[in-house]
Amino acid sequence: MLLYLLRRVLYVIPIALAVSAVCFSLVFLAPGDPLSAVIPPDATAELITKLKADYGFDQPVPVQFGRWIGRALHGDLGTSIATGRPVNAEIARAIVNTFMLAMCACGIGFFFGLLFGIVAGYFHGRWLDKLMTSIAVTGVSVPHYWLGMVLVIVFSVLLDWLPAMGAGESGSEAWIWDWDHIKYLVLPAVTLSFIPMGIVTRTVRAIVAEILNQEFVQALYAKGLTATGVFRHVVKNAAPTTLAVMGIQLGYLLGGSILVETVFAWPGTGFLLNTAIFQRDLPLLQGTILFLALFFVLLNLIVDVAQGLFDPRIKR
Amino acid sequence: MYKGRFTRLITGLIAGSALALTAGTGQAQGVLRIGMTASDIPLTTGQPDNGGEGQRFLGYTVYDALINWDLSSSTKPSGLAPGLATAWKVDDKEHKHWTFTLRKGVKFHDGSEFTAEAVVWNLDKLLKKDAPQFDSKQAAQGSSRIPAVATYKVIDPYTVEISTKEPDAFLPFQMAWIPMSSPAQWEKLGKSWEAFAKTPSGTGPWKLISWTPRERAEMVPNKEYWDKARVPKLDKLVLIPLPEANTRVAALRSGQVDWIEAPPPDAVASLKAAKFQIVTNAYPHNWVWHLSRVEGSPFNDIRVRRAANLAVDRNGLNQLLGGLSIPATGFVPPGSAWFGKPTEHKFDLASARKLMAEAGYTKAKPLTIKVLIPSSGSGMMQPLPMNEFVQQNLNEAGFKVEFEVLEWNALISAWRAGAKDPLSRGAVALNYSYFIQDPFTAFTRHVQSDLTSPKGTNWGYYKEPAMDALLLKAKTTFESDAQLKVLQEIHEKFVNDALFLDITHDVNPRAMSPKVHGFVQAKNWFQDFSPIFVK
C-alpha cells in the first residue's frame, strides 16, 4: 500500500510542473496588454512600455516563468495587478465560498443521483427507470447559466422567496449558518447540483443494472440472502466506480463554476477567475488556475487511494 | 365649513413645512443599494481604478479634488466648480505658475485639517518616486491625468502653487482628476496604503465605513461636510459589484438593490412595465469610427469622409437601440458647451452617393474599406448589430465595408499602436467610444500631430497645421469665455472637415426602484449622490 501511495505521489510532481507551465503560458496567448487592469484606458503606448518595465513584463516569457515558479515554490503566488492584494489572500477568501457552495451542491446532487441511480438500476427498463433517466439526461444537458436565470426569475423575481444574488446582507465575511444566510446559498447550490446529479444517476444506474445481471447475485439469492443483504453486496461492488465519478464531480465543483458564480454574483473562485480574465490580471489568473489545477491533481490522488482501499485489485 | 377648511389648510401647511424642513436639514432617509458594473470595489485609497465608474463611486464620494465637477443640473452642461480650492489663477507673465487658494476649515474624516501641505503630499504620492508616501498603484491611475504638472510648492497654509511644464490652460481640468487623501490618517496607520485602503479618509461627503473586496462597500454621510448643501440625505449608501448585466436586472427586480448601472437595452421595456424608473441623459461620450489618414487611406479624400457621414441613418440606429442613444450631429453631443455652429450631420443618401460618384465610386464599383470593430467593450454599447447597421448604410452609398472583429483588449492595443502598426492590420477605420469630458480627452489627443503612437493616441496620424494652431491657442487661452470660443472653433473644424465618422452618443441609462427620489442625472460621467433619498 505504501509503495502504491509513494508511486502515486511521485506521479504528481511532473504533472504539477507541466500544469504550472501550461497555466503560465496560456494566459500569454490571450490578446491585449497584461497591464490593462491598472492603466487608464486612454494611457499612451509610451506610458505602458514604462509600466511594463516596472512590473517586469518586458522580460522574456521563460525568465518570467522562472521567477514565478521560484516564488510559487515558496508559497507566494504574487500580487494581483488590479487590486494590489496578495493572490494567496484572494484565493483563500474565494476558496472558502466555493467550498461551501460545492459541498452543498454535492450533497444535493449525490443524494438524488444515488437515489435515482439505484432506483433506475433496480427497475431497469420499467417506467420508473425511464423517468429517472430522463431526469438525469435533463440534468447533464441543461445549460447551468440558463437554469440559474430561470430559477432566479421564478424564485426571486416572481415568488420573492429567495435572494437572486450575493452571499448575505453583509457579505461573505459575516457568514453564519442561519436561514438568513443559507437562503443565499439555495439557488446557486441547486443550480450547480444538476450536473453531478445527472452524471451520478447515469453511472449508478448502469453499474447497478450490470451487477444485478451477474451470476453471483443469482447465487446470493439462491443461498437465501434477503433483498437487503443482496443490496449490501451490490453497493459494495458499485462503490469503486461510483466513488471515482463522485470524486471527479466534486473536483469540478470545488474548482468553482465561472458561469454559476457569475450569474449569482457568488464570491468564489469562479467569480474570481471571471474577474481576472476580464481585467487581464495575469498574476491572479495564473495563481488561481495553478491552485485549482493542483487541487484537482490532489483530489485525483485521494480518489485513487480511496479506490485502492475499497478494491484491493487496483493496488496490484 | 370654513372652519373645517381652515383647519385642513393649517394642518396641510404644518405637514408641508415639516416635510420641507426634513428635506432641508438633510435628515437621513433610507439606504440606497447600487449594483455597479465593475467586478470589484474600485481602489479606495484616493485615486480609484475602474475608469469613470471608479471615480464616480469611490472618487467624488469619499474624496474631493481641488476642483470638482458641477453635478447639480441635468439640463445645463456640467462644468468645473470650486472644490477644495476656492479660487485659482495663472500668473500674468509666463502663464506657467498657478496659484490655488484653498478652502479654510475643511477637515478630513479623521479630524485632521486640510492644508496646502496636504496638497503637496498628495501630488508627491503620485509623482515623486522617492517620497515615502509614493504609491505605484495610485500613480498608475493618477500620474497620466496630470501631464502638465512640473513642480508644486506650499506658499502659505492655505495657498499652493503648481507650475506647468509649458503654458497650459487645461490644468484645472487635469486637477479635477486628483482626489486628496489624508496624510494624517496614512501616518496614523503606520504609513501603510494597505491599511489606509481599509479605513480611508478623505474630505468628501461620504465616509467609507466598511468594504469586502468583490462584494460590497458601505458609506455613511459625512455630517461635517464643508458644503452644507451637499450633506447626504441617505442613512447609508451600499455599492455592490455586479458585472453580469442579467444578474443586475434580477437583483433590482427582486429588491436586493434599488439602483443598477447600465441595464441591458433589451430589459428596459420590461423594467419600465414593472414600474421601475429608467433615467438617462446626454453625457460626454461618443461612438465613432476613427478614420485613418495614413498615406493611401481613402479617407484622405474629404468627399469620402463627408459621404460616409451623410450615409448613416442615425435615427434608424436609435430605433434599433430602443431609443437609448442620441444620434450624433457632431463629434460632441448636441447641447455640449463646445458644440459651436458646425454644419450638423444629417442623413442624406442622395448627396452621399453624389459625393462618392465624384470620388470615383458607385454601388456597382464600390470602395472597399477594412474596419476594426470590437466584439464588446466598455462604453461600446452593442458594437456588432450597430456596426452591421452602419455597414448596410455605407454599402448603399458606394462603400463595401469589411469588418475585422477583435476582442476588446486587442482592439485597445491596436488603437494605442496607431494605424501604421501591424496590430491595426491595414484597417482604414477603427470603431471606438470616447470619453470626451475635458478638452484634452475630447479633442487634443485624437488630432494633435505630435501625439501619434507611442507619444499619444492620434490613431489615424491626422496632421494639419491649422488644427495644431487651434489646439495650441485653446491651451494657451486662459480666459474661460475666450477659451470656450476656441474650443467651439475646434469642434466646428472636426465636424465640417468630417474628421471622424460621427455615429451616436450613449445616454448612460440607469434603472432604479420607484422608491428612489431626488436623483439629478448630470450631463457628466460622475454623479452626485447627496440629494438622493429612499422612501
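On a predicted model such as this, the values are computed, not experimentally measured, just so you know.

### Things to note about the overall build of chain B
Then step 1. From N to C terminus, chain B includes 17 helices and 21 strands.
Then step 2. Its C-alpha atoms give chain B a radius of gyration of 25 Å, within 12% of the compact-globule value 24 Å for 535 residues.
Then step 3. When the backbone C-alpha atoms are referred to their principal axes, chain B occupies close to 75 × 70 × 45 Å.
Then step 4. The buried share among the 535 residues of chain B stands at 59%.
Then step 5. Counting contacts in chain B only where the partners sit at least 6 residues apart, residues at least 24 apart contribute 69% of the total.
Then step 6. Summing over all exposed atoms, chain B offers an accessible surface of approximately 20,600 Å²; the carbon and sulfur share of this is 55%.
Then step 7. Once the 61 positive and 53 negative side-chain charges of chain B are each reduced to a mean point, those two points are 5 Å apart.

### Points about the pairing of strand S8 (residues 206–212) of chain B
Residues and elements named next belong to chain B.
Then step 1. As defined by bridge partners, S8 adjoins strand S9 (residues 216–221) across six bridges and the pair is classed as antiparallel. Residue pairing in the sheet places Leu208 in a bridge with Met219 of S9.
Then step 2. Between S8 and S9, which pair antiparallel and follow one another directly, the connecting turn spans three residues, one of which, Arg214, has a positive phi of 65°.

### Side note on the state of the cysteines
All names here are of chain A.
Then step 1. Scanning the model with the defined rule gives zero disulfides over all chains in all.
Then step 2. Between Cys104, a free cysteine, and Cys106, which holds the nearest cysteine sulfur, the sulfur-to-sulfur gap is 9.4 Å.
Then step 3. Classification of Cys104 by relative accessible area gives partly exposed; the value is 24%.

### A few points about the pattern of salt bridges
Residues and elements named next belong to chain B.
Then step 1. For the structure on display, the rule yields 24 salt bridges over all chains.
Then step 2. A salt bridge links Glu261 to Arg56, with the shortest nitrogen-to-oxygen separation between them at 2.5 Å. Residue Glu261 is found in strand S11 (residues 259–261), and its partner Arg56 is found in helix H2 (residues 51–59); the two are separated by 205 residues along the sequence.
Then step 3. The exposure class of Glu261 is buried, given its relative accessible area of 4%.
Then step 4. Residue classification places Arg56 among the buried residues on the basis of a relative accessible area of 5%.
Then step 5. Across the pair Glu166 and Lys475 runs a salt bridge, and its minimum N-O distance is 2.6 Å.

Rules behind the numbers
All residue numbers refer to positions counted from 1 along the written sequence of the respective chain. Chains carry letters from A onward and ligands carry numbers from 1 onward, assigned in written order. Under the rules for a predicted model, residues below a pLDDT of 70 receive no local features and side-chain atom pairs below 80 are neither given nor counted, while totals for whole chains, interfaces and linings still include all residues. By convention in this description, side-chain values take in all heavy atoms of the structure and omit both hydrogens and water. The way it works is that DSSP assigns letters per residue, a run of H or I at least four long becomes a helix, a run of E at least two long becomes a strand, and they are numbered from the N terminus. Radius of gyration: over C-alpha atoms. The globule rule applied is 2.2 Å multiplied by the number of residues raised to the 0.38 power. Residue burial is assigned from relative accessible area. The probe radius is 1.4 Å, only protein chains are included, and a residue is buried under 20% of its type maximum, exposed over 50%, and partly exposed in between. The contact criterion used throughout is that any non-hydrogen atoms of two residues lie within 4.5 Å. Note that accessible areas follow from Shrake-Rupley with a 1.4 Å probe, and for residues the cover is restricted to the protein chains shown. Working convention for charge: Lys and Arg count positive, Asp and Glu count negative, and His plus the chain ends are omitted. Charged side chains are reduced to one point each, which is NZ for Lys, CZ for Arg, CG for Asp and CD for Glu. Two strands qualify as a pair provided that DSSP identifies no fewer than 2 bridges between them. The definition used for a disulfide is geometric: two cysteine sulfur atoms within 2.5 Å. By definition here, a salt bridge exists when the distance from a side-chain nitrogen of Lys or Arg to a carboxyl oxygen of Asp or Glu is within 4 Å.

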